[in-house]
Amino acid sequence: MENTNMNMNRRKFLGYLGTGTAALAAASAGLGTLAPVAQAAHTADHLIGFDDIKLSPQAKPHAFFKPIMPTMEDELVLPEGFSYDVLAAYGDVINEKGDTFGFNCDFTVFFPINGSNERGLLWVNLEYINDTYMKEQYMPAFMQNTPIDTKRRYHQGGAIIEVYKDNKGIWKMDTTSKYARRITGFTPFELTGPAEGTSSVGGATTAIGTWANCSGGMTLWNTLLSCEENFETQARRSNLPSEHYGWVIEVDPFDEEDKNFKPRKHTALGRFNHENTCMGITKSGRIAVYMGDDKQNACVYKYISNGKFDPAKGQANSKLLEDGTLYVANLGAGRWVKLDAAEVAKRVHASNFSVPSVLKMRDQTVQSLSEMFPANATQAHVMVNTHEAAIILGGTPTDRPEDLEINPFDNSIFIAHTNNAVHGNIHGHITRIFEKEDDFESMEFMFEIFAAGGRQSGFSAPDNLTFDSNANLWVVTDMSESNIGKGVYEWHGNNGLFVLPTHGQNEGEAFQFASGPQGCELTGPWFTADEKALFLAVQHPTTNWPRRKGDVDPLPAVVAIKGFKGNNLDKGNKSNGNKGK
């Protein structure tokens, strides 16, 4: 029998480093004496207000389902005992006005109505449009026979739909909802923060529309943050200023006509190919927002507000996202580097300045960077050109940092680094950051590779992340459609959803919970607060899923997965098998 008082591996030791100086003091007296649980984080996710967060080192966190095997089946395959309901698919009417659900659903967030776990508003990102499927049958009546660019802009952005579970246990969309509406490429947005009204955004204080909405997050004051990722193509097509896009937007899903809380773009959070946000509270009471930049050789960012969060102020806390400091991670030094305009300008205009190789690959020169950051550069210049500023100041280029999530049990931060085939990181990995003293405001950190993609783990190309109340990390994958089932990806089958315990005897192991239809990626997992339903988006299927009556095309759709027994998940369903609905 293993002597647990005498044995501890490197990963567990690093995990305890994340618990701060108290744990290090305990470590000096003997590793076996360390307690397994750090102070819980205060984060903005479905676990807000959930007080019974406990870790059980002896639990088997995957015991509530029997893991499925990889498959190429053209279906959303789930473990036996679980099923799904299609809530909304491309082209479905979502309200009495006749708005339709846009294309390529992605990130989801559930906002309960009156505290209910069975009725609420579901925000869904609508990332991009494939011209092949811009058929009149999927257009609202008021958009038919309009120019193609008008249709493109309409079908992107986001959808707010009201969903509920009926008396037969079936999740449905309520198209009579007064809240249901679309946020599109035509919605007006206010610009906030350092770049507002400056020459860096052409003097603009407003911007028209949002698109390329990939992932996002929620705030501690119950609003939605959505991230503009690959925005460049649509901006060019629509002949609109590129610098008006690539931001984090904020929307109140309960503001029926966007009158009381104007949709806004927060320039203090930087402009780059945003994947998502995750928000927590520092020990001093400030807001910290972690973000990834989804492209090769891109950086990881952290924003800290100057002001402190006050729950009594409600949505007025949105001002915290307008005034603060943006940092980039230098992994080699284990430090967060302040993105300071004066320092960027000083380096760029130095006589010995040499363009970093990462920026050379993006066709930047000394001349172009000097124009981007003039000698009198302001924070607006840095916010509009964040990636370039970050690299110049020593930010570490990484392998497509997509979703970041805060572990609500120990304050560690998980990063899905999807892949970078250019230098051989074919299957990607999941990084875990430990802030010094467990404080999101710390300027020092340590990190580890929590899990590496590949045959040994069972997953490839990790993308969106979420946690459940038993500290399981849920991970969806995003292998390129052209790679699925081929070559070094053959073993994986279709893209899927995996559960990775972050504590206990199965820490870091991946157990497959779902496999998506052919050609798709699964995106945006989000639980109801009682964890009896999991919302999931099925993006760009390629055959004929979801196969509802009357469907003739493969339709991106958002589903509600049922079969969970609720908090804690490891006390739930123990049935066997591997086939879903």
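Scroll up to find the structure.
Residues numbered from 1 in each chain as written. Predicted model: local features only at pLDDT ≥ 70, side-chain atom pairs only at ≥ 80, totals over all residues. Heavy atoms only, no water.

Asker: Run through the overall build of the protein, naming residues and quoting values.
Answerer: Helix and strand content of the protein: nine helices and 30 strands. Counting only residues that meet the buried cut, the protein has 63% of its 581 residues in that class. Within the protein, residue pairs in contact and separated by at least 24 positions form 64% of the contacts whose partners lie at least 6 positions apart. For the protein, the accessible area works out to roughly 21500 Å², and carbon and sulfur atoms hold 48% of it. (Helix = DSSP H or I, 4+ residues; strand = E, 2+ residues; numbered from the N terminus. Buried < 20%, exposed > 50% of the residue type's maximum accessible area, 1.4 Å probe, protein only. Contact = heavy atoms within 4.5 Å. Areas by Shrake-Rupley, 256 points an atom, 1.4 Å probe, with all protein chains shown as cover.)

Asker: Describe in detail the environment of V366, supporting the description with residues and values.
Answerer: With respect to the element layout, V366 can be found in helix α7 (residues 366-372). C-alpha of V366 to C-alpha of H349: the two residues are 17 residues apart in sequence and 8.6 Å apart in space. Ignoring sequence-local partners within four residues, the contact set of V366 consists of F353 and V355.

Asker: Would you mind going over the sheet that holds strand β1 (residues 83-89) in detail, with residue names and values included?
Answerer: Strand order in the open sheet formed by four strands is β1-β30-β29-β28, and the pairing between neighbours is antiparallel. Both outer strands of the open sheet, β1 and β28 (521-527), are each paired with one neighbouring strand and no more. Neighbour-to-neighbour, the strand axes of the sheet open up by a mean angle of 25 degrees, direction not taken into account. Pairing between β1 and strand β30 (residues 557-562): six bridges, direction antiparallel. When the sheet's bridge partners are listed, D85 is paired in β30 with A560. (Pairing = 2+ DSSP bridges. Axes fitted to C-alpha atoms, helices over the stretch in contact; angles between N-to-C directions.)

Asker: Residues and numbers for the packing of aromatic side chains, please.
Answerer: The final tally for this structure, using the stated rule, is 31 aromatic pairs. For the ring pair Y179 and F254, a centre distance of 5.4 Å and an interplane angle of 85 degrees mean the geometry is edge-to-face. Of this pair, Y179 sits in the loop between β5 (171-174) and β6 (181-183) while F254 sits in the loop between β11 (248-251) and β12 (264-266), placing them 75 residues apart in sequence. Centre to centre, the rings of W474 and F513 are 5.2 Å apart; their planes meet at 70 degrees, and the pair counts as edge-to-face. With W474 in strand β25 (residues 472-477) and F513 in strand β27 (residues 511-515), the pair connects residues that are 39 residues apart, well separated along the chain. (Phe/Tyr/Trp six-rings, centres within 6.5 Å; stacked < 30°, edge-to-face > 60°.)

Asker: Could you give me a rundown of the sheet that holds strand β23 (residues 445-452), with the residues and numbers involved?
Answerer: Spatial strand order, β20-β21-β22-β23: four strands in an open sheet with antiparallel pairing. Both outer strands of the open sheet, β20 (401-406) and β23, are each paired with one neighbouring strand and no more. Neighbour to neighbour, the strand axes of the sheet diverge by 25 degrees on average, direction disregarded. Inspection of the sheet shows strand β22 (residues 429-435) paired to β23 by seven bridges, in the antiparallel sense.

Asker: How would you sum up the pairing of β20? Please name residues and give values.
Answerer: With respect to burial, β20 is a largely interior element, six of its six residues being buried. Here β20 runs beside strand β21 (residues 413-417); their pairing, made up of four bridges, is antiparallel. Paired with E405 across the bridge in β21 is F414. Remark: six residues form the turn of the hairpin made by β20 and β21, two consecutive strands paired antiparallel; N411 in that turn has positive phi of roughly 70 degrees.

Asker: Run through unusual backbone geometry, naming residues and quoting values.
Answerer: The linkage connecting W545 with the following residue, P546, adopts the cis geometry, with an omega of 15 degrees. Here P546 is to be found in the loop between β29 (534-539) and β30. Of note, the phi angle at R547 is positive, near 60 degrees, even though the residue is not glycine. Relative to the helices and strands, R547 is located in the loop between β29 and β30.

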